[in-house]
Amino acid sequence: MSTVVDSTTAIDIQGLYKSFGQVRVLNGIDLKIAAGEVIAIIGKSGSGKSTLLRCINGLESFDSGQLFVQGQPLQYHNAKAMRTLRQQVGMIFQSFNLFPHLTVGQNIMLAPTLVQGISAQNAKTRALELLRRVGLAEKIDAFPEQLSGGQQQRVAIARALAMSPSVLLCDEITSALDPELVGEVLAVVESLARDGMTLLMVTHEMGFARKVSDRVIFMHQGRVHEQGAPETLFQYPRTPELVQFLSSLTS
Amino acid sequence: MYLVRRVVEFSIWDILRNLLLAARWTIVLSLIAFVGGGLVGLGLLVVRTTQMRVLQRAVSIYVSLFQGTPLLMQLFLAYFGLALFGVETSAWTAAAIALTLYSSAFLCEIWHGCVQAIPKGQWEAAQSLALNFLEQLRFIVLPQAARIAVPPTVGFLVQVVKGTALASVIGFVELTKAGTMITNATFKPFVVFTCVGLLYFLICYPISAYARKLEGQLHVYSR
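Residues numbered from 1 in each chain as written. Chains lettered and ligands numbered in written order. Predicted model: local features only at pLDDT ≥ 70, side-chain atom pairs only at ≥ 80, totals over all residues. Heavy atoms only, no water.

### Observations concerning the overall build of chain A
In terms of helices and strands, chain A carries 9 helices and 10 strands. On C-alpha atoms alone, chain A measures out to a radius of gyration of 18 Å, which is about the 18 Å that the 2.2 N^0.38 rule sets for 251 residues. Here the C-alpha coordinates of chain A stretch approximately 55 × 40 × 40 Å along the principal axes. Taken over 251 residues, chain A has a buried fraction of 56%. Within chain A, contacts between residues separated by at least 24 positions form 67% of all contacts whose residues are at least 6 apart in sequence. Total accessible area on chain A is roughly 10,800 Å²; 49% of this is exposed by carbon and sulfur atoms. Positive and negative side-chain charges in chain A, numbering 22 and 22 respectively, have mean positions lying 5 Å apart. (Helix = DSSP H or I, 4+ residues; strand = E, 2+ residues; numbered from the N terminus. Rg over C-alpha atoms; globule rule 2.2 N^0.38 Å. Buried < 20%, exposed > 50% of the residue type's maximum accessible area, 1.4 Å probe, protein only. Contact = heavy atoms within 4.5 Å. Areas by Shrake-Rupley, 256 points an atom, 1.4 Å probe, with all protein chains shown as cover. Lys, Arg positive; Asp, Glu negative; His and termini not counted. Charge placed at Lys NZ, Arg CZ, Asp CG, Glu CD.)

Listed below in structure tokens is the structure:
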């Protein structure tokens, strides 16, 4: 963690509501996230964690409320504004979602060349640099299916980083991995956190959340039910719902 | 006044030669139908893939109409229907138009299925990387959809080749029509139509064989 936490707001969410048909998934979310802050979002499945994350880069639209990224309002129907916003918000998925028809290098270089107009030469240099960072430089010409799950997820992280985002959203990124591969992915995420990247991660890895995050958010029935520093929140949960959730994990 | 009825002697070679000449037009018409249908179909596919409900619906109706009526009727409508509106159509134009529209509907439907087979996560990953809709389609979804589209598309090309036979009813001289004409002159329907069938087979079989080869090549993502 950098010593000085930047006080500027990276993400500002105000009164966010969203329903899927009759089911209300987000029930009035208010949340401010500072630049460089590392947030772990926990909660039962169906509590709205993933939906909240997906609203932040517009994969999901919301019904009412406001969402600002770096001070800019998210305008779901404005393609140009979304293009700008999505360059600042990277996302990593549970199922990696690498492009199977492209090599690792092409996966990483595609968006910077297309969207940001970076030359192929520069994009390649940058891709190699990022792959080195996630420990996979030698895989640049491999196809995704030739890699293990953990390696694929690390490539996905490199791909998201290639756009130089200021915020990274991680949606249960280790849930699809074999247990022995979880560590290598978390190590990369931890190094990002240390370098001051703003991180929002939906996670089931409580140990990791505790170790890396600045703030833990417990979601329940579409609301931010309880939040706080990891040591206090895990040690002294205030609401019965959180107590129950935490005990359900240990049992 | 008397009439001399001269029976022309056709050797097998004469029959084949004439049929081969006509087979050119079967191939040309198939190509027109396939390329035209492919382009129109691709356009329809893009429209159908966007989130605009009204346009999606319109394309669905278009596809249903062409899939739900016989090609023969579509050829009649193109030939006689356009004439009703004062547009003079040759058998060529009518056949080309009808077969193009017909192919576009089927190809749109085939390709739409292939696009839908691409996991949602691929779209979402591309969206997250700030690619716009056309970039998502062009660089991520269509290349992957194309791999699975090859066998059914080429299979349909074979249908189109055989479908061109129907253009004979509006007077377009292709392989089947030529076969009928030669039969009328030679009175050897069995020989003539055996040759016709053989020629269709010679056109269609390599296409199917190529499709199988292509399918094998494209199946693997790795080199």
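### Examining a nonpolar patch on the surface
A cluster of nonpolar side chains, namely L72, F76, F80, L166 and V169 of chain B, defines an oily patch on the protein surface of about 390 Å² accessible area. For L166 of chain B, the position within the fold is in the loop between α6 (133–163) and α7 (175–186). (Patch = residues over 30% accessible without salt bridge, like charges linked within 9 Å, V, L, I, M, F, W, Y side chains within 5 Å. Salt bridge = Lys/Arg side-chain N within 4 Å of Asp/Glu carboxyl O.)

### Considering the sheet that holds strand β4 (residues 64–69) of chain A
Residues and elements named next belong to chain A. Strand order across the open sheet formed by 4 strands is β2-β1-β4-β5, with antiparallel pairing between neighbours. The open sheet has two free edges, formed respectively by β2 (23–34) and β5 (72–73), since each of these has just one partner strand. In this structure, strand β1 (residues 9–20) lies alongside β2, joined through 9 bridges in antiparallel fashion. By the bridge assignment for β2, L16 is matched with I29. Against the sheet, helix α1 (residues 49–56) touches β1, β2 and β4, its axis set at about 120° to β1. (Pairing = 2+ DSSP bridges. Axes fitted to C-alpha atoms, helices over the stretch in contact; angles between N-to-C directions.)

### Focus: the interface of chain A and chain B
At the interface, 25 residues of chain A touch 21 residues of chain B. Taken together, the two surfaces of chain A and chain B that pack against each other cover about 2,100 Å², and 60% of this comes from carbon and sulfur. The interface formed by chain A and chain B contains 2 salt bridges. For R54 of chain A, the salt bridge is made with E124 of chain B, and the minimal N-O distance between the two is 2.6 Å. Linking chain A with chain B are 8 residue pairs in polar contact (both at pLDDT 80 or more), by the criterion used here. The residue makeup of the side of chain A that touches chain B, split by class, is 14 nonpolar, 6 polar and 5 charged. (Buried area = accessible area lost by both parts, 1.4 Å probe. Polar contact = N/O pair within 3.5 Å; in protein donor to acceptor, adjacent residues only side chain to side chain. Nonpolar A, V, L, I, M, F, W, Y, C, P; charged D, E, K, R; others polar.)

### Thoughts on the layout of surface pockets
By volume, the largest pocket is sized at about 950 Å³. Taken together, 31 residues line the largest pocket, and the ones lying closest to its centre are Q51, W123, Q127, F133 and Q136 of chain B. Elements with a minimum of two residues in the lining of the largest pocket: α2 (79–88) of chain A together with α1 (12–49), α2 (53–67), α4 (91–116), α5 (120–128) and α6 of chain B. Examining the composition of the lining of the largest pocket, we find that 5 residues originate from one element, α2 of chain A, more than from any other. (1 Å grid on protein atoms, 1.4 Å probe; cavity = no way out; pocket = protein on both sides within 12 Å on 5 of 7 lines; lining within 4 Å. Points joined across faces, edges and corners; volume = space filled by probe spheres on them.)

### Observations regarding the nonpolar core
Core analysis: the biggest nonpolar cluster contains 72 residues, and I11, I13, L16, L52, I56, L67 and L200 of chain A have the highest contact counts within it. By residue number, the principal contributor to this core is α4 of chain B, which donates 12 residues. When near neighbours in sequence (up to four residues on either side) are disregarded, L67 of chain A contacts I11, D12, I13, L16, C55, I56, F62, Q72, P73 and L74 of chain A. With 40 residues, the next largest nonpolar core counts A142, A158, V182 and L192 of chain A among its residues. (Core = buried A, V, L, I, M, F, W, Y, C linked by side-chain atoms within 4.5 Å.)

### Focus: the pattern of salt bridges
Overall, the coordinates contain 12 salt bridges over all chains when judged by the stated rule. Each of R54 and E60 of chain A together with K120 and E124 of chain B takes part in salt bridges that share partners, so that together they form one network.

### Structural notes on the sheet that holds strand β8 (residues 198–202) of chain A
Residues and elements named next belong to chain A. In space, the 6 strands of this open sheet follow the order β6-β7-β8-β3-β9-β10, with mixed pairing throughout. The sheet is open, and its two edges are formed by β6 (89–92) and β10 (223–228), each paired on a single side. Strand-to-strand twist across the sheet, computed as the mean angle between neighbouring axes with direction ignored, equals 20°. As defined by bridge partners, strand β7 (residues 167–171) adjoins β8 across 5 bridges and the pair is classed as parallel. Residue L168 lies in a different strand from β8, and its bridge partner there is L199. The sheet strands contacting α1 are β3 (38–42), β6, β7, β8 and β9 (215–220), and the helix crosses β7 at an angle near 150°. Across the sheet, helix α9 (residues 240–250) touches β3, β9 and β10, and the angle it forms with β9 is around 100°.

### Structural notes on the packing of helix α5 (residues 149–161) of chain A against helix α6 (residues 179–194) of chain A
Residues and elements named next belong to chain A. One way to put it is that α5 packs onto α6 with a least axis distance of 8 Å and a crossing angle of 20°. When the interaxial angle is binned, α5 and α6 end up roughly parallel. You can see that α5 and α6 cross each other, and the crossing is right-handed. Residues G149, G150, Q151, Q153, R154, I157 and L161 of α5 touch α6, and the partners they reach there are L181, E184, V185, V188, V189 and L192. By residue class, the composition of the contact of α5 with α6 is 7 nonpolar, 4 polar and 2 charged. (Parallel < 35°, antiparallel > 145°, perpendicular 65-115°, else oblique. Left-handed = near helix turned anticlockwise from the far one by under 90°.)

### Side note on the environment of A156 of chain A
Within the secondary structure layout, A156 of chain A lies in helix α5. Linking A156 of chain A and A209 of chain A, residues 53 residues apart in sequence, is a C-alpha distance of 20 Å.

### Looking at the confidence of the model for chain A
When the pLDDT values of chain A are averaged, the result is 93; 97% of them are 70 or greater. Here residues 1–6 of chain A is a poorly scored stretch, pLDDT under 50, and it has 8 contacts once near neighbours within four places are set aside; other chains count. (pLDDT = per-residue confidence, 0-100.)

### Topic: the packing of α2 of chain B against α4 of chain B
All names here are of chain B. Where α2 meets α4, the closest approach of the two axes is 9 Å, and the angle between their N-to-C directions is 120°. Considering their axes alone, α2 and α4 lie oblique with respect to each other. Considering how the two elements wind past one another, α2 and α4 form a crossing that is left-handed. Facing α2, whose interface residues are V59, Y62, V63, F66 and Q67, α4 presents L101, Y102, S104, A105, F106, C108 and E109. Split into classes, the residues belonging to the contact of α2 with α4 amount to 9 nonpolar, 2 polar and 1 charged.

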